[in-house]
Amino acid sequence: MQVIILPSARDVALYAADCVVDVIDARTNPVLGLATGSTPIALYKELVVRYQSKQVSFRHTTSFNLDEYIGIADSHEQSYRTFMNRHLFDAIDIIATNTHVPLAESQDAGTLKKSAQDYEASIQQAGGIDLQILGIGLNGHIGFNEPTSSFASRTRIKTLSESTVIANKRFFKDGEFQPHLALTMGIGTILDSNAVLLMATGKAKAEAVKAMIEGPLSAMCPASALQLHEAATIVLDEEAASLLALKEYYQWCEQKRQQLHEGNVS
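Treat the numbers as computed from the prediction; the structure is a model and nothing was measured.

Draft legend 1. Looking closely at the overall build of the protein. Scanning the protein for helices and strands turns up 8 helices and 10 strands. For 266 residues, the compact-globule formula gives about 18 Å, and the C-alpha radius of gyration of the protein, at 18 Å, lands near that figure. On the principal axes, the C-alpha backbone points of the protein span a range of 60 × 40 × 35 Å. Burial analysis of the protein (266 residues in total) assigns 50% to the buried set. Restricting to contacts in the protein with at least 6 residues of sequence separation, those with at least 24 account for 78%. For the protein, the computed accessible surface area is about 12,500 Å², with 53% contributed by carbon and sulfur atoms. In the protein, the 22 positive side-chain charges and the 30 negative ones have mean positions that sit 1 Å from each other.

Given below as structure tokens:
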């Protein structure tokens, strides 16, 4: 696990954008795993800027989103399909049919199970995910894999924790139906990605970040599963990194890694 600590949330977004562009430049048909939530918005804004300035094209890119609420239509204001269209897809040259978000409008268990299986198959047919973008929840969830999720889990129906429902309540109007279920990639699905980039910013994420990086490998902190990934990069701002016991060591490691990359090992 590579831990990178940067001065600000803006720096985190710029670093993540560099990683995304590098993957797109390096592959003929890149496959990106994408996340929703407040943290990736700055990344998507930066990718739009780079597309508009002709620094990158998404024409040959395929994307798979982590999750979607169960029981609301794709066109719903709070659906993750709408989120992605608003913050990224509608502003770049990605082909709409190459963008994938789990189909979760149905509330029939059999239909949702089939949708989950089809989603897994689609990822495999695309050749797997080259780079998976992640955020982290206050309780350590990645995607909608809440605490106690199996590290071997695949795309499936997941009940949201009370803390996640409360955290997302601000996005829904008073009296409006707020889903308590989601269709989400599993932790096993995420770990199958060739590389993972988790972004975390702000003091509120510091405890979850510490549990992920320095805590035990535990289903109680689903993000700790990234300790098992050979190409997981954790990009933090100073506030999100503030509780790390080995913060200075991670900074030292990154300094030495950059020196090695530059051919200076003194």
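Now that the structure has been shown, the text picks up again.
Draft legend 2. Highlighting the layout of surface pockets. The calculated volume of the largest pocket comes to roughly 710 Å³. Around the largest pocket, the lining is made up of 36 residues, and of these Thr-36, Gly-37, Ser-38, His-141 and Asn-168 lie nearest the centre. Breaking the lining of the largest pocket down by element, the ones donating at least two residues are α2 (39-52), β4 (67-69), α3 (80-87) and α5 (162-168). Considered class by class, the residues forming the lining of the largest pocket number 15 nonpolar, 16 polar and 5 charged. Surrounding the second largest pocket, 14 residues form its lining, Gln-2, Tyr-15, Cys-19, Ala-195 and Thr-233 being those nearest its centre. At the level of secondary structure, the elements contributing two or more residues to the lining of the second largest pocket comprise α1 (9-26) and β9 (195-200). Per-element accounting of the lining of the second largest pocket gives the leading share, 4 residues, to α1.

Draft legend 3. Representation of unusual backbone geometry. In this structure, Lys-54 is a non-glycine residue whose phi angle is positive, near 65°. The topology assignment puts Lys-54 in the loop between α2 and β3 (62-65). Positive phi outside glycine occurs at Thr-148, with the angle close to 85°. Considering the arrangement of structural elements, one finds Thr-148 in the loop between β6 (131-134) and β7 (156-159). Here Thr-148 falls in the exposed class, since its relative accessible area comes to 54%.

Draft legend 4. Focus on the nonpolar core. Ranked by internal contacts, the top residues of the largest apolar core, which has 36 residues, are Val-20, Leu-34, Leu-43, Tyr-44, Leu-47, Leu-88 and Ile-133. Elements supplying a minimum of two residues to this core: β1 (2-6), α1, β2 (31-34), α2, α3, β6 and β9. If you tally residues by element for this core, the top one is α1, at 7 residues. If you look at the next biggest cluster of nonpolar residues, it comprises 31 residues, including Val-31, Met-185, Ala-208 and Leu-226.

Draft legend 5. The arrangement of the environment of Ser-53 in detail. Relative to the helices and strands, Ser-53 is located in the loop between α2 and β3. Relative accessible area serves as the criterion here: at 39%, Ser-53 is assigned to the partly exposed category. Distance from Ser-53 to Ile-123, taken between C-alpha atoms, is 30 Å for residues 70 residues apart in sequence. A polar atom in the side chain of Ser-53 sits 2.7 Å from the side chain of Gln-55.

Draft legend 6. View of the environment of Val-20. Topologically, Val-20 is positioned in helix α1. In this structure the C-alpha to C-alpha distance between Val-20 and Ile-133, which are 113 residues apart in sequence, comes to 8.9 Å. Ignoring any residue separated from it by four or fewer positions in sequence, one finds Val-20 in contact with Leu-32, Leu-43, Leu-47, Leu-131 and Ile-133.

Draft legend 7. Quick peek at the packing of α2 against α3. Where α2 meets α3, the axes come as close as 10 Å, and the angle between the chain directions of the two elements is 40°. Our classification of the angle between α2 and α3 gives oblique. Each of Ile-41, Tyr-44 and Val-48 in α2 lies in contact with α3, whose residues at this interface are Phe-83, Met-84 and His-87. Of the residues belonging to the contact of α2 with α3, the class tally is 5 nonpolar, 1 polar and no charged.

About the cut-offs
- Residues numbered from 1 in each chain as written.
- Predicted model: local features only at pLDDT ≥ 70, side-chain atom pairs only at ≥ 80, totals over all residues.
- Heavy atoms only, no water.
- Helix = DSSP H or I, 4+ residues; strand = E, 2+ residues; numbered from the N terminus.
- Rg over C-alpha atoms; globule rule 2.2 N^0.38 Å.
- Buried < 20%, exposed > 50% of the residue type's maximum accessible area, 1.4 Å probe, protein only.
- Contact = heavy atoms within 4.5 Å.
- Areas by Shrake-Rupley, 256 points an atom, 1.4 Å probe, with all protein chains shown as cover.
- Lys, Arg positive; Asp, Glu negative; His and termini not counted.
- Charge placed at Lys NZ, Arg CZ, Asp CG, Glu CD.
- 1 Å grid on protein atoms, 1.4 Å probe; cavity = no way out; pocket = protein on both sides within 12 Å on 5 of 7 lines; lining within 4 Å.
- Points joined across faces, edges and corners; volume = space filled by probe spheres on them.
- Nonpolar A, V, L, I, M, F, W, Y, C, P; charged D, E, K, R; others polar.
- Core = buried A, V, L, I, M, F, W, Y, C linked by side-chain atoms within 4.5 Å.
- Polar contact = N/O pair within 3.5 Å; in protein donor to acceptor, adjacent residues only side chain to side chain.
- Axes fitted to C-alpha atoms, helices over the stretch in contact; angles between N-to-C directions.
- Parallel < 35°, antiparallel > 145°, perpendicular 65-115°, else oblique.

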